[in-house]
Amino acid sequence: MNIEDLRWFAVLAETEHLTEAAAALDTSQPNLSRSLRRVESAFGVQLFEREHRGVRLNPYGRLVLEAAQAGTAAVDSARRRIDALIDPESGMVRLGFLHSVATSLVPDLLKAFREVAPSVRFALRQEPSHDIVQDLVSGEAEIGIIAPRPDPEVFGWHLMEQQRLCLQVPPGHPFASRRRVELAAAADEPFIGLRPGFGFRRISEELCRAAGFTPQLAFEATDLATIDGLVGAGLGVAVLPAGAVRGSDSGAVSVPLAGVQARREIGMAWRLRTQLTPAAERFRTFVRSRPATST
């Protein structure tokens, strides 16, 4: 039994005549009879009383009719809602993005996209990179704006922004007036960083390791804006991407790192071998048409 069998059963219950119901459904009477047998077999009882002029629902049939009408209505409603969600003109894009791009890259991107697709809606998820990756795998998100780049065997990738890395220091710090600073010079400073599991935590740890030291963490935060604020309050220094905290009034000073070729790369990721909805495909095409920027 399938949903169409229930739909045909409801038509037969309304007409109470096999020939009339078959004509209304544009099918043959044998096809309709086979469909009815599937429904009766599924419920284990006879649903109609056969009469000389046609058929008539019995008490079991009336119970099944009530369920069939509710079930087919629910399925039709779900189909209409899904059609609306995947419509490239007014559908929904499930987008995950990093906390650190929530005040800069993402708002600018969505504003630009809405100029060409004003009716497309977004289901937004702001979270760390490892959670975005899990959401892409599970389907909770179709597209992620993420750093660093996830496994290229599993995910597609489009570079959106490259950010040079800086040492964030409190106002008045001896390094604040420098044009550049070697990261090794901050080896004895208390550091403020992200908690383990965040993508940028790995980047900053690798930079410190390459500079010959392990940072002594005074505090672990969950977003770059908090790190910037704590540095501005004089609680330590931090490695941060340039321009990562837009409109900050913490007073912290960004000093470019000398001798560091690494850049933080932020990009759009999607799961390979998974078809995007039309609205998400439209958004991906839009993002890929924009050149990558550097800070």
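Rules and cut-offs
- Residues numbered from 1 in each chain as written.
- Predicted model: local features only at pLDDT ≥ 70, side-chain atom pairs only at ≥ 80, totals over all residues.
- Heavy atoms only, no water.
- Helix = DSSP H or I, 4+ residues; strand = E, 2+ residues; numbered from the N terminus.
- Rg over C-alpha atoms; globule rule 2.2 N^0.38 Å.
- Buried < 20%, exposed > 50% of the residue type's maximum accessible area, 1.4 Å probe, protein only.
- Contact = heavy atoms within 4.5 Å.
- Phe/Tyr/Trp six-rings, centres within 6.5 Å; stacked < 30°, edge-to-face > 60°.
- Lys NZ or Arg CZ within 6 Å of the ring centre and 35° of its normal.
- Arc of directions from axis to C-beta.
- Core = buried A, V, L, I, M, F, W, Y, C linked by side-chain atoms within 4.5 Å.

### A look at the overall build of the protein chain
Here is step 1: Check the secondary structure of the protein chain and you find nine helices and 12 strands.
Here is step 2: The C-alpha radius of gyration of the protein chain comes to 30 Å, more than 25% above the 19 Å expected for a compact globule of 295 residues.
Here is step 3: Projected onto the principal axes, the alpha-carbon positions of the protein chain cover approximately 100 × 35 × 35 Å.
Here is step 4: Looking at the protein chain as a whole, 42% of its 295 residues are labelled buried.

### Describing the side chain of Asp 135
Here is step 1: One can find Asp 135 in helix H6 (residues 129-138).
Here is step 2: In this structure Asp 135 touches Arg 125, Glu 127, Glu 140 and Ala 141, once residues within four positions along its chain are discounted.

### Let's talk about unusual backbone geometry
Here is step 1: The omega torsion of the bond from Ala 147 to Pro 148 falls at -5°, within 30 degrees of zero and hence cis.
Here is step 2: Note on placement: Pro 148 falls in the loop between strand E5 (143-146) and strand E6 (155-169).
Here is step 3: At Asp 26, a residue that is not glycine, the phi angle is positive and equals roughly 55°.
Here is step 4: Asp 26 gets classed as exposed once you look at its relative accessible area, which sits at 70%.

### Quick look at the packing of aromatic side chains
Here is step 1: Applying the stated criterion across every chain yields a total of six aromatic pairs.
Here is step 2: Ring plane angle 85° and centroid distance 5.1 Å describe the contact between Phe 113 and Phe 283, whose orientation is recorded as edge-to-face. Separated by 170 residues along the polypeptide, Phe 113 in helix H5 (residues 105-116) and Phe 283 in helix H9 (residues 278-288) bring together distant segments of the chain. Pair check on accessibility: Phe 113 and Phe 283 agree, each one buried.
Here is step 3: Centre to centre, the rings of Phe 191 and Phe 213 are 5.9 Å apart; their planes meet at 45°, and the pair counts as tilted. Of this pair, Phe 191 sits in strand E7 (residues 190-194) while Phe 213 sits in the loop between helix H7 (199-210) and strand E8 (216-221); the two residues are 22 residues apart in sequence, bridging distant segments of the chain.
Here is step 4: Overall, Phe 191 belongs to the buried group, its relative accessible area being 3%.
Here is step 5: Taking the relative accessible area as the measure of exposure, Phe 213 reaches 10% and is therefore buried.
Here is step 6: A connected cluster of aromatic rings, assembled from ring pairs, spans Phe 113, Phe 122, Phe 283 and Phe 286.
Here is step 7: Its end group placed over the ring of Trp 270, Arg 284 keeps NZ or CZ at 4.8 Å from the ring centre.

### Comments concerning H6
Here is step 1: Within H6, burial applies to Ser 129, Ile 132, Asp 135 and Leu 136. For H6, the buried positions fall inside an angular range of 115° around the axis, keeping them on one side.
Here is step 2: Elements in contact with the buried residues of H6: strand E3 (92-97), strand E4 (121-126), E5, E6, H7 and strand E11 (263-271).
Here is step 3: Backbone geometry just after H6 places Gly 139 at a positive phi near 95°.

### Examining the environment of Glu 142
Here is step 1: Locating Glu 142 in the fold gives a position in the loop between H6 and E5.
Here is step 2: Among the residues examined, Glu 142 registers a relative accessible area of 7% and is labelled buried.
Here is step 3: C-alpha of Glu 142 to C-alpha of Thr 277: the two residues are 135 residues apart in sequence and 8.3 Å apart in space.
Here is step 4: Apart from residues no more than four positions distant in its own chain, Glu 142 is found in contact with Met 92, Val 93, Arg 94, Leu 136, Ala 269, Trp 270, Arg 271, Leu 276, Thr 277 and Ala 280.

### A word on the nonpolar core
Here is step 1: Ranked by size, the top nonpolar core spans 34 residues in total, and within it Val 101, Phe 122, Ile 145 and Phe 283 carry the most contacts.
Here is step 2: Every element with two or more residues in this core is listed here: E3, H5, H6, E5, E6, E11 and H9.
Here is step 3: Here this core gets six residues from one element, more than from any other, and that element is H5.
Here is step 4: Those residues in contact with Val 101 that sit more than four places away from it in its chain are Val 106, Pro 107, Ile 145 and Ile 266.
Here is step 5: The next biggest cluster of nonpolar side chains, apart from the first, holds 29 residues, and it includes Val 181, Phe 198, Cys 208 and Val 239.

### Here we look at the environment of Phe 286
Here is step 1: Tracing the backbone through its elements, the reader meets Phe 286 in helix H9.
Here is step 2: For the pair Phe 286 and Ala 117, spaced 169 residues apart in sequence, the C-alpha to C-alpha distance is 10.0 Å.
Here is step 3: Residues contacting Phe 286, with those up to four places away along its chain left out, are Leu 109, Ala 112, Phe 113 and Val 116.

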